[in-house]
Each structure stands twice: as C-alpha cells, then as structure tokens.
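Results of the structural survey
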Amino acid sequence: MSGVSNSLKQLALQKFKKNFWGVFSFYFLVLIGLISVFAYLIAPDNSMYANQMHLSIHSKEPGFKVAMLTIPSQFSSDQNSIEKWFFGRKNSDTEVPISDFSIENETLTYTEYASDGIAGVEKAININRFSNAEVSDYIENKTFLFGTDKYGRDLLSRVLVGARISFFIGFVAVFISLLIGVFMGSIAGYFGGKIDAVIMWLINVTWSIPTLLLVIAITLALGKGFWQVFIAVGLTMWVEVARVVRGQIISAKEMQYVTAAKALGFNDYRIIVKHILPNIMAPVIVIAAANFAGAILIESGLSFLGIGAQPPMASWGAMIKDHYNYIILGKPYLAIIPGVCIMSLVMAFMLIGNALRDAFDVKQ
C-alpha cells in the first residue's frame, strides 16, 4: 500500500513539474517568501516598518533623487544584529533632505530641500555632532526607485516590508483553517448521526454570514492588531475545509481498507489519522492553496477599511487606502504598485492551486 502511495505521489510530482505556470508560481512564491523574511536586509530604508518620514519630499515620482543629511542622535539604541535583520533598525537619527551645504569654522550650514521652486530653510549645526568623522560620510545621494508616499517614506521599502504581512497571513490563516476544518470535518464524516447534524448546522450558520462581516466582528472582539487579523481570517476559512473533508471521509469510510482496519481492532483515532486522512488530502491541499489567496484578499480589505494592520506597520492594503485618491491626482502609481503586488501574489497562489488540482487528478 505504501509503495502504491509513493508511486502516486511521484506521478503527481511529475505532472506538476510539467505545468509551466505552476512551477513558475512556485518559484515566485519562494522569492516572495525570502523577501518577506529578509525584507530589512533588502530595503533601502531599514528602519522599523520602513517608517522614516520626510514630508518635504512627499509624493515624489519613481526615480526621484535627493541629497540626504543624517544627523546622529545623542542616544544609542540597544539592538543586536538579529533584531535589525528581522525587525528593522530602531532609528533615532534625524534624516534631512537638503539641496545645498557648506562647512566653515566647524559649522555645517545646509539648506533644506523644498520643491516647486520654493527656497529652502537654511540651518547650521556644529560638526562636533558627527563624532569626529568626515561630515561628507553623513551626506548621501539617495534614489527612490518607486518614489515616495504622501508622508515622504520610501515606497519601495514599504512594499518590501509590507510583503511580510500579506505572505505570512496566508500561512497562519490556512494553518488555523486546516486545524479546525480537518478536525470538524473528520468527526462529522466519520461518526455521522447527531454529531454530523450539529457540526453541519454550525458550518451552515458560519457559511451564511458574509466572510468580511464575520472577520470584522471577530477583529472588533479581539481588538485591532497584527495577530488579531491572522486569527480572525483563519477562524472564518475553516468551513470550506470541513465540508470537503466531511464529504471525502463519508466516501472513504466505506472503502475496503477502512473495513479491514476496523476488523483488526484499530481504534477510531488511528483509522482516521493513519488510514483515511492520508488518502483524502489531495483536494484539501488544493483548497488550502485557494485559501491562501482568499486570506491575502481579506487582509487587504481589512487594512483598506482601517481595521487590519495598524500604522505605522506597512501593509499593501493600507497603502492602497492611503493613496487611492491619488489615482485622480496624477500619481496613480502610489496605489497601483501595491495593488499589482496583491494581484501578483493572489494570482500565483491560484495558479499553484490549479496546477495541484491537475496533478492530483487521476483521470488525466
């Protein structure tokens, strides 16, 4: 039996490898996963949440360049390298976009950047603030590849850091939905009777409530925040998993290998976990891939409504919310860029789901 199972898995893997879009989507998701984990190592702005604001250069076009003066803080933050790599740098320094500067008599005089032809404010600072280093080391020409948002933050950095929420909410939400859905569906399908009736009533009630409305209710009950959204989305996606598992187990429990397991005296737990579930997981895996996409869209919708990830945390849905009115103000890229990111990630998961469905289809 195990040899047949292994051969079927190998056959499904070979069919999956022949699906160009499935393989392409897989590597694309691996890339997004790596970006999510190491976002702060890649992002030009590696401050926590990529939240370094420069209001004087807000809403600038992609490719915008400016000289940036970094004035070191008198306070040092206690952070090790691991924290900086994975959670961002606690930045207490002051960054100032400048258009000109000069050094004279141990005094740095600089002119703050001002757009639309307006003369910037001229300020002076003692060069002793720069810890006996060359002042030029604290002046850097920065290029904002995606431009800046309405707060003057680097849009590319916000997009990279925001990938973390959209990507990981899929894993957490799908894990919760599988945990609850497989458990409830297994009990309902295997035991039937009154247990099945009660669980199906619960599934139908949950199914009848609009998903977004249910998520909003759970989010308001748990509070606004990062993990609350993950849990809320997961608690609303288990019903479809439960229905599929229930239907599959109702069919599988009449099979000869289940009858043989009962005749050998195996308990119900072993029969479900060791014998039935491994043989019905193919459609569950396909649904899990679709639920990844659904979780990303729900989180984006919640962030757009303002009850998802809270500022200053970077989220693609919140970025669209902040800039959707810029579509008619001549700077649509501020909303289009995070929108394309959401669309690409959702499309990749849907293509993975289609490829897995074809790979597990024994009729092809």
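Description of the structure in this document.

Scoring rules and cut-offs
- Residues numbered from 1 in each chain as written.
- Predicted model: local features only at pLDDT ≥ 70, side-chain atom pairs only at ≥ 80, totals over all residues.
- Heavy atoms only, no water.
- Helix = DSSP H or I, 4+ residues; strand = E, 2+ residues; numbered from the N terminus.
- Rg over C-alpha atoms; globule rule 2.2 N^0.38 Å.
- Buried < 20%, exposed > 50% of the residue type's maximum accessible area, 1.4 Å probe, protein only.
- Contact = heavy atoms within 4.5 Å.
- Areas by Shrake-Rupley, 256 points an atom, 1.4 Å probe, with all protein chains shown as cover.
- Lys, Arg positive; Asp, Glu negative; His and termini not counted.
- Charge placed at Lys NZ, Arg CZ, Asp CG, Glu CD.
- Phe/Tyr/Trp six-rings, centres within 6.5 Å; stacked < 30°, edge-to-face > 60°.
- Lys NZ or Arg CZ within 6 Å of the ring centre and 35° of its normal.
- 1 Å grid on protein atoms, 1.4 Å probe; cavity = no way out; pocket = protein on both sides within 12 Å on 5 of 7 lines; lining within 4 Å.
- Points joined across faces, edges and corners; volume = space filled by probe spheres on them.
- Pairing = 2+ DSSP bridges.
- Axes fitted to C-alpha atoms, helices over the stretch in contact; angles between N-to-C directions.
- Expected span 1.5 Å × (residues − 1).
- Bend = angle between axes of the 7 residues up to and from the residue.
- Patch = residues over 30% accessible without salt bridge, like charges linked within 9 Å, V, L, I, M, F, W, Y side chains within 5 Å.
- Salt bridge = Lys/Arg side-chain N within 4 Å of Asp/Glu carboxyl O.
- Core = buried A, V, L, I, M, F, W, Y, C linked by side-chain atoms within 4.5 Å.

A tally of helices and strands in the protein yields 13 helices and five strands. The C-alpha radius of gyration computed for the protein amounts to 27 Å, which surpasses the reference 21 Å derived for 364 residues by more than 25%, pointing to a less compact arrangement than a globule. In the protein, which comprises 364 residues, the proportion classed as buried is 43%. Contacts in the protein between residues far apart in sequence, at least 24 positions, make up 72% of those at least 6 positions apart. Working note: accessible area of the protein is about 19500 Å², and carbon and sulfur atoms make up 63% of it. Counting 28 positive and 25 negative side-chain charges, the protein places the averaged centre of each group 17 Å from the other.

Summed over all chains, the structure comprises 13 aromatic pairs. Residues Phe167 and Phe168 carry aromatic rings whose centres are separated by 5.8 Å and whose planes lie at 80° to one another, so their mutual orientation is edge-to-face. Looking at Phe167, the relative accessible area reads 7%, which means it is buried. Given the relative accessible area of 29%, Phe168 is considered partly exposed. Summarising the aromatic geometry, the rings of Phe292 and Phe349 are spaced 4.6 Å apart at their centres and angled 10° between planes, so their arrangement reads as stacked. Pair noted here: Phe292 is in helix α11 (residues 268–305) and Phe349 is in helix α13 (residues 333–360), with a separation of 57 residues, a long-range link. Through a chain of ring-to-ring contacts, the aromatic side chains of Phe167, Phe168, Phe171, Phe292 and Phe349 assemble into a single cluster. Looking at Arg243, its charged tip hangs above the ring of Trp207, at a distance of 5.0 Å from the centre. Sitting over the ring of Phe266, Arg270 keeps its end group 4.0 Å from the ring centre.

Before going further, it helps to spend a moment on the layout of surface pockets. Each pocket or cavity is described by its volume, and for the second largest pocket that value is around 300 Å³. The wall of the second largest pocket is formed by 15 residues, among which Phe171, Phe292, Phe349, Ile352 and Leu356 lie closest to the centre. Broken down by secondary-structure element, the contributors of at least two residues to the lining of the second largest pocket are α2 (20–37), α5 (155–191), α11 and α13. Among the elements that take part in the lining of the second largest pocket, α11 stands out by supplying six residues, more than any other.

Now for the sheet that holds strand β2 (residues 94–104). In space, the five strands of this open sheet follow the order β4-β3-β2-β1-β5, with antiparallel pairing throughout. The outermost strands of the open sheet, each flanked by one partner alone, are β4 (122–126) and β5 (139–144). Averaged over all pairs of adjacent strands, the angle between strand axes in this sheet comes to 50°, irrespective of strand direction. As paired strands, β2 and strand β3 (residues 107–112) are joined by six bridges and run antiparallel to one another. Looking at the pairing, Ser102 lines up with Thr109 of β3.

The end-to-end C-alpha separation of α11 is 45 Å, well short of the 56 Å expected for 38 residues at 1.5 Å each. The sharpest bend along α11 reaches about 55° and sits at Leu277, with the proline Pro278 one to four residues further on. Backbone geometry just after α11 places Gly306 at a positive phi near 90°.

What follows covers a nonpolar patch on the surface. Residues Phe26, Tyr27, Val30, Leu34, Phe38, Leu41, Ile42, Ile82 and Trp85 make up a contiguous nonpolar surface patch of about 880 Å² in total accessible area. Among the elements of the structure, α2, α3 (39–42) and α4 (81–87) are those that each provide at least two residues to the nonpolar patch. Considering every element that reaches the nonpolar patch, the biggest residue donor is α2, with four residues.

Enumeration according to the criterion identifies five salt bridges in this entry. Of the charged contacts, one joins Asp149 and Arg153 as a salt bridge, the two residues approaching to 2.9 Å between their closest N and O atoms. With respect to burial, Asp149 and Arg153 carry one shared label: buried.

Val159, Trp316, Leu345 and Phe349 are the most contacted members of the largest nonpolar core, which has 32 residues in total. Of all the elements in the fold, those that place two or more residues in this core are α1 (2–17), α2, α5, α11, α12 (316–323) and α13. The greatest single-element share of this core, amounting to 13 residues, is contributed by α13. Beyond its immediate stretch of four places on either side in the chain, Trp316 contacts Val159, Gly162, Ala163, Ser166, Pro338, Cys341, Ile342 and Leu345. Listed in part, the 17 residues of the second largest apolar core include Ala173, Leu214, Val215 and Ala309.

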